[in-house]
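Single-letter residue listing:
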Amino acid sequence: MSTPENKIAELDAAAQLELNKVLGTALGVAREQLEEQGVFLPFAIAIEPAAEDSEPGLRLLAVQPTEDPEDPEADIDAEVMMADLVQLLQSQRDDFNAVAFVSDVTLLEEGKDAVHVVAEHRDGGAVAIVQPYTSPDPETGEWDFSEPSAEAGELQVWI
């Protein structure tokens, strides 16, 4: 199966705005979870089409981590959770204009953790954002979030 073409440069201003909204919300929620809990599980942010008399609605979507009955203490498999989120949003894609998938990753080359967000729009554009972070300083308790970097994303929902 071939990868669909990423038409990020062809998106109109409204679609770009929706992508920016899910990206910003996704980064904000991930950062908030890190600051409050020190960790977060994969989740998604989706934007619904605007109704006649209201702004488009944002929804946070998550899936339950699967547990291994043989080993209940086993680590949670974030890749399985992300695949489940993609499948969930593929099945509901007609309900949304844009989605963002969020996961906690390790940047092996830099030896740092990062928030990874892949956002895509129903009109065919996708972008990925990586925002490295460092756990809080023991003295100040402050998290250090580096400047996010962007690159082309891969379409997963509207394929």
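Here, the structure is the one placed above.
Predicted model, so just to flag it, every value in this text is computed and none were measured.

Novice: I'd love a proper account of the overall build of the chain, names of residues and values included.
Specialist: A count of helices and strands for the chain gives 2 helices and 7 strands. Each helix (α) and strand (β) of the chain, taken in turn from the N terminus, gives the series α-β-β-α-β-β-β-β-β. Taking 15 Å as the expected radius of gyration for a compact globule of 159 residues, we find that the chain reaches 16 Å, a close match to that expectation. Residues counted as buried form 36% of the 159 residues belonging to the chain. When contacts within the chain are restricted to residue pairs at least 6 apart in sequence, those whose partners lie at least 24 apart make up 54%. Surface exposure of the chain reaches about 9,500 Å², of which carbon and sulfur atoms provide 46%. If you average the places of the 7 positive and of the 35 negative side-chain charges in the chain, the two averages end up 9 Å apart.

Novice: Any details on the pattern of salt bridges? Residues and values, ideally.
Specialist: Pairs can form between side chains of opposite charge whenever their charged atoms are close. Using the criterion set out here, one finds 2 salt bridges in the structure. Between Arg59 and Glu48 there is a salt bridge whose closest N-O contact spans 3.6 Å. Taken together, the residues Arg59 in strand β2 (residues 58–61) and Glu48 in the loop between β1 (43–47) and β2 connect sequence positions 11 residues apart. With a relative accessible area of 32%, Arg59 lands in the partly exposed category. Given the relative accessible area of 26%, Glu48 is considered partly exposed.

Novice: Pulling in residues and values, what's your account of the pairing of β1?
Specialist: Counting buried positions along β1 gives 5 out of 5 residues, so the element sits mostly inside the fold. Because side chains alternate across β1, one face comprises the buried residues Phe43, Ile45 and Ile47, and the other comprises Ala44 and Ala46, equally buried. Across 5 bridges, the pairing between β1 and strand β3 (residues 98–107) is antiparallel. Counterpart to Ile45 in the pairing with β3 is Ala100. Here β1 runs beside β2; their pairing, made up of 4 bridges, is antiparallel. Paired with Ile45 across the two strands is Leu60, which belongs to β2.

Novice: Kindly report on the nonpolar core, identifying the contributing residues and their values.
Specialist: Val22, Leu34, Phe40, Val102, Val115, Val117 and Ala119 are the most contacted members of the largest nonpolar core, which totals 24 residues. Within the residue set of this core, elements represented by two or more residues are α1 (13–37), β1, β3, β4 (112–121) and β5 (126–134). Broken down by element, this core gets its largest block of residues, 8 residues, from α1.

Each value, and the rule that gives it
- Residues numbered from 1 in each chain as written.
- Predicted model: local features only at pLDDT ≥ 70, side-chain atom pairs only at ≥ 80, totals over all residues.
- Heavy atoms only, no water.
- Helix = DSSP H or I, 4+ residues; strand = E, 2+ residues; numbered from the N terminus.
- Rg over C-alpha atoms; globule rule 2.2 N^0.38 Å.
- Buried < 20%, exposed > 50% of the residue type's maximum accessible area, 1.4 Å probe, protein only.
- Contact = heavy atoms within 4.5 Å.
- Areas by Shrake-Rupley, 256 points an atom, 1.4 Å probe, with all protein chains shown as cover.
- Lys, Arg positive; Asp, Glu negative; His and termini not counted.
- Charge placed at Lys NZ, Arg CZ, Asp CG, Glu CD.
- Salt bridge = Lys/Arg side-chain N within 4 Å of Asp/Glu carboxyl O.
- Pairing = 2+ DSSP bridges.
- Core = buried A, V, L, I, M, F, W, Y, C linked by side-chain atoms within 4.5 Å.

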